[in-house]
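# What the coordinates show
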Amino acid sequence: MSTDFLYLVEVLINGLMAGVMYSLVALGFVLIFKASGIFNYAQGVMALFAALTLAGIMEGQVPFAHIINAILGTNIHHFGWHVPAVLAILMTIVVMVGFAWGVQRFVFRHLVGQEPIILFMATIGLAYFLEGVGDLMWGSDIKTLALGLPQGGSRWLEDMTVGWGGDDFYGFYIDKLDMVATIVAILLVASLIAFSQYTKHGRAMRAVADDHQAALSVGISLNFIWILVWSLAGFVALVAGIMWGAKSGVQFSLSMIALKALPVLMLGGFTSIPGAIVGGLIIGMGEKLFEYTVGSLVGGATENWFAYVLALLFLVFRPQGLFGERIIERV
Amino acid sequence: MKMKKLAALAIAASVTAAPVMAELVIPDLSYRTGPYAAGGTPFSDGYQDYFNLLNARDGGIGGEPVRILECETGYSTERGVECYESTKGEGALIYQPLSTGIAYQLIPKTTADQIPLHTMGYGRTSAADGEVFNWVFNYPANYWDAASVMVNYLLDENGGSLDGKTLALVYHNSAYGKEPIRTLETLSEMHGFNLTQLAVDHPGQEQKSQWLQIRRERPDYVLMWGWGVMNQVAIQEAANIGFPMENFIGNWWAGAEHDVTPAGAAANGYKSLNMNRIDDLPVFAEISSLVHDAGNAAGDGSNIGKVLYTRGMYAAMLAAEAIAKAQEIHGVAQVTPAMVRDGMEALEITDARMEELGMAQIGPAFSVSCQDHGGTGFGIVQEWDAASGTWTALTDYIAPDDSVTGPLVTEDAAAFAAENNITPGCL
């Protein structure tokens, strides 16, 4: 095997791994869209907010410290304790469930029956609101997530494969964090599928996704299901926030990871959980291979461009995406 | 009816009779929110705290109090222009937007409105040519100086030769990130090194392709032109692939504490340029006691002494000195923007003056002239010590190669003048 081929394989593997990271973000979009038909523009900000909350709780930060200090004339910023990771994650989940309840109670309950574009615009407002609240609660400084997640390439794999294609092959590089993200994504998808297939609330969620009115007529509480769905999306956002935040620190640019999820959704379909995974893998692999083979010829930085062009092609030839439900409206 | 008239007259009299409160208006186009807040907040804190110190200690500048007008841009060019438009009517004396995108938009506006624009170490590099850019200043250094200082440092590290070496430039794929390319290309021809260019898409959260390429091609050095999340991710990715940190040098917008702390111990040894020295300056004690303890801190007071806080304070000091110079030239305390421009053009920052201000050697000594709005272009190289969480200066101020940057500035400024029908000359 030539060195060039081995490096191509390395790029391909890393592309797949990057795709998993994109899928983690895309999953949250799918959950909400499938259950309620809402394209949740705030999903990226939810990932940011969840990660900020986790980091803030772990560090023992006082939420809204600036406001408290300004009103009371105090100078407190930290409680002086550090919360263990597992407990902090549980507390963050509680916060995200509370957020889901608030969204349902104060926003979408008042918008029942509105056009999809109205609901979409409501999520834009929600995104700005949540970003502002996140800033007020936890501040805008970059936070480090001390969860003990592994960083760096797998030295074992490098040592095992070094020199395969000749002296100028330095072994396969695979990021350990990406490996963890892959395992987490597999567990997450398996859990979501098991939940929707084998639990009462999961089946109710699917029923609501299929037909709201029919679900309502058999006694399913739409209110509860939508809170459940937003809570699940909040949990998925937390997982995505942890994985992306481990790379760069938790900072406000995390909200922009949603931009990486959009082509994944267009390709995989907005209503399919497996579609989010497969779409992510295709986008990740495709953009990395394109950058490797063509990028240097056109000045580089082709990844975002490629992802959106590929998504555009799918929109033209298969608008529902690979796994999305075909929408047929009879007149 | 009579009573109403009397009341109206009383109000009008009270308004017209009120003494006009003279003040020096300094807008602060800050960004404390959004993806770039981690960099914008400490800079703005330092900028405002210094003016607050002058108000508390000296009653302002030349006896005139300073009024700061803060306007949040979120690092958005559109909002930056809106901030400019909404504050210029207040009598704004000088703008320092801390954004190359906003700076580019403000160059024609400030020129038309005759308000000086100071882009310290950012913005349009050829603004150093004061005969073309009468109202724009970028002292003490610009991007092309930075590229040249980096190469001069590496020349020094390699016994005066970079022949056959490979330098990779990892840059933000924007006007800002592309600024050093031309200078580095010229320098690569001059010194015989190979230059690999690696563009990173905005915002820079995903850089796997670029760092896999670096791992494959093993350049001798990596130079970085980044801002925001791009810096943190790049440093983490460099650590991940095992690239030697001592061979990784960022520019002065990629060398703050928050750029390195997310990578933890793995960032140890990372280097960056700085246009101002990081030190425990006596002025910090004054700011703490007269501004922070008095409850007038611009932020929560936690950023004092940090890289970007110090740079913001340095920027404010340069503005204050220019205003003082303008007052001296024109013999009035209440100066106009045009007078401040005169002060900037006659500015002379000496070692003795910096020491007097409690910030000895914060920057190089330099003077500005009608022809030269760019200063000396000096920069230091600093290294991050992860264990102590501090930057250490590895070098004294390094001079750029003016024989390379000078002609590039002249050429680019001449092109700008031709495009905009400007006849170069002094005001």
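By the naming in an unreviewed UniProt entry, chain B goes by Branched-chain amino acid transport system substrate-binding protein and is assigned to Yoonia maritima. If you open the UniProt record of chain B and go to Sequence similarities (unreviewed entry), you find "Belongs to the leucine-binding protein family."

As named in an unreviewed UniProt entry, chain A is Branched-chain amino acid transport system permease protein, taken from Yoonia maritima. You can read under Subcellular location (unreviewed entry) in the UniProt record for chain A the words "Cell membrane".

The next thing to look at is the sheet that holds strand β9 (residues 271–274) of chain B. Residues and elements named next belong to chain B. Pairing in this open sheet of seven strands is mixed, and the strands run β6-β5-β7-β8-β9-β12-β13 from one edge to the other. Each having just a single partner strand, β6 (194–200) and β13 (390–393) make up the two edges of the open sheet. Strand-to-strand twist across the sheet, computed as the mean angle between neighbouring axes with direction ignored, equals 30°. Taken together, the two bridges between strand β8 (residues 248–250) and β9 define a ladder with parallel strand orientation. Each residue of the ladder has a partner; that of G250, found in β9, is S272. Strand contacts of helix α5 (residues 143–157): β7 (221–225), β8, β9 and β12 (380–385), with the helix running at about 130° to β9, the strand carrying the most contacts.

Here we come to the nonpolar core. Judged by nonpolar contacts, the single largest core of 226 residues is most densely connected at A47(A), A51(A), L54(A) and V229(A). Shared between two domains, this core holds at least three residues of each, these being domain 1 (23–141 + 280–379) and domain 2 (143–274) of chain B. Apart from the residues within four sequence positions on either side, V229(A) is in contact with L31(A), I32(A), A35(A), S36(A) and M205(A).

Residue and element names in this part refer to chain B. At the junction of Y139 and P140, the peptide bond is cis and its omega measures out at 5° in the coordinates. Mapped onto the secondary structure, P140 falls in the loop between β4 (136–137) and α5. A cis amide bond links H202 with the next residue in sequence, P203, at an omega value of 0°. Even without being a glycine, Q114 presents a positive backbone phi close to 55°.

Below, the discussion takes up α5(B). Residue pairs three or four apart in sequence face the same way in an α-helix, which turns once every 3.6 residues. Residue and element names in this part refer to chain B. Compared with the 21 Å implied by 1.5 Å per residue over 15 residues, the 21 Å span of α5 between its first and last C-alpha is a close match. Most of α5 sits inside the fold, with 11 of its 15 residues counted as buried. Three or more residues of α5 are buried, namely Y143, W144, D145, A146, A147, S148, V149, M150, V151, Y153 and L154. Structurally, α5 contributes buried residues whose contacts are with α7 (181–191), β7, β8, β9, β12 and α15 (402–419). With its phi angle positive at about 65°, G159 sits one or two positions after the end of α5.

Residue and element names in this part refer to chain A. Most of helix α11 (residues 258–268) is tucked away: nine of the 11 residues are buried. Within the sequence span of α11, burial applies to A258, K260, A261, P263, V264, L265, M266, L267 and G268. Structurally, α11 contributes buried residues whose contacts are with α1 (3–36), α2 (43–59), α12 (273–293) and α13 (303–317). Just downstream of α11, G269 is the residue with a positive phi angle, here 100°.

This paragraph deals with the UniProt feature "domain: Leucine-binding protein" (unreviewed entry) in chain B. In the numbering adopted here, UniProt assigns the feature "domain: Leucine-binding protein" (unreviewed entry) to residues 29–364 of chain B. A helix fraction of 46% and a strand fraction of 12% characterise residues 29–364 of chain B, whose end C-alpha atoms lie 26 Å from each other.

To continue, consider the domain arrangement of chain B. All names here are of chain B. Along its sequence, chain B is organised into domain 1 (23–141 + 280–379) and domain 2 (143–274). Each of domain 1 and domain 2 was reduced to a C-alpha centroid, and the two centroids are 28 Å apart. Contacts between the two partners involve 14 residues from domain 1 and, on the opposite side, 19 residues from domain 2. Looking at the side of domain 1 that touches domain 2, the elements that each hand over two or more residues are α2 (37–58), α4 (100–113) and α12 (307–330). When its residues are assigned to classes, the side of domain 1 that touches domain 2 shows seven nonpolar, six polar and one charged.

Before going further, it helps to spend a moment on the interface of chain B and chain A. Chain B puts 33 residues into the contact, and the matching count from chain A is 35 residues. Only α2, β6, α8 (208–217) and α9 (229–240) of chain B provide two or more residues apiece to the side of chain B that touches chain A. The residue makeup of the side of chain B that touches chain A, split by class, is 14 nonpolar, 12 polar and seven charged.

A few words on the environment of A112(B). Residue and element names in this part refer to chain B. As for its position among the elements, A112 is in helix α4. Of the residues examined, A112 has 9 C-beta atoms within 10 Å and is grouped as exposed. Sequence separation of A112 and W135 is 23 residues, and the distance between their C-alpha atoms is 9.2 Å.

Bringing the environment of F137(B) into the picture now. Residues and elements named next belong to chain B. Examined against the element boundaries, F137 turns out to sit in strand β4. The exposure class assigned to F137 is buried, which follows from the 29 C-beta atoms found within 10 Å. Taking the C-alpha atoms as reference points, F137 and G375, separated by 238 residues in sequence, lie 9.0 Å from one another. Other than its neighbours up to four places away in sequence, F137 contacts P116, H118, M344, V368 and H373.

Residue and element names in this part refer to chain B. At their nearest, the axes of α5 and α15 sit 10 Å apart, and the two run at 160° to each other. On the basis of the axis angle, α5 is roughly antiparallel to α15. Two packed elements cross with a definite hand, and for α5 against α15 that hand is right-handed. Contacts from W144, D145 and S148 in α5 reach V404, T405, L408 and V409 in α15. Class assignment for the residues of the contact of α5 with α15 results in four nonpolar, two polar and one charged.

All names here are of chain A. Taken from the UniProt record, the annotation "transmembrane region" (unreviewed entry) applies to residues 12–33, 45–67, 79–99, 111–130, 179–199, 220–244, 264–285 and 297–317. Between the first and last C-alpha atoms of residues 220–244 the distance is 36 Å; the span itself is 92% helix and 0% strand. Annotation note: span residues 297–317, helix share 71%, strand share 0%, distance between end C-alpha atoms 28 Å.

All names here are of chain B. Counting buried residues along β7, five of its five residues qualify, which places the element largely inside the surrounding structure. Residues Y221, L223 and W225 point to one face of β7 and V222 and M224 to the other, with burial holding for every one of them. Both strand β5 (residues 166–172) and β7 contribute to a ladder of five bridges, which runs parallel. Counted as the bridge partner of L169 is L223 from β7. Bridge count between β7 and β8: three bridges; the pairing is parallel. When the sheet's bridge partners are listed, V222 is paired in β8 with F248. On the question of chirality, the crossover connecting β7 to the parallel β8 by way of α9 is right-handed.

Rules of the game
Residues numbered from 1 in each chain as written. Chains lettered and ligands numbered in written order. Predicted model: local features only at pLDDT ≥ 70, side-chain atom pairs only at ≥ 80, totals over all residues. UniProt positions renumbered as here; feature names shortened; annotations may be inferred. Pairing = 2+ DSSP bridges. Helix = DSSP H or I, 4+ residues; strand = E, 2+ residues; numbered from the N terminus. Axes fitted to C-alpha atoms, helices over the stretch in contact; angles between N-to-C directions. Contact = placed C-beta atoms within 7 Å. Core = buried A, V, L, I, M, F, W, Y, C linked by C-beta atoms within 7 Å. Buried ≥ 20, exposed ≤ 12 C-beta atoms within 10 Å, placed from the backbone. Domains from an automatic or database assignment. Expected span 1.5 Å × (residues − 1). Nonpolar A, V, L, I, M, F, W, Y, C, P; charged D, E, K, R; others polar. Parallel < 35°, antiparallel > 145°, perpendicular 65-115°, else oblique. Left-handed = near helix turned anticlockwise from the far one by under 90°. Right-handed = clockwise from strand over helix to strand, strands pointing away.

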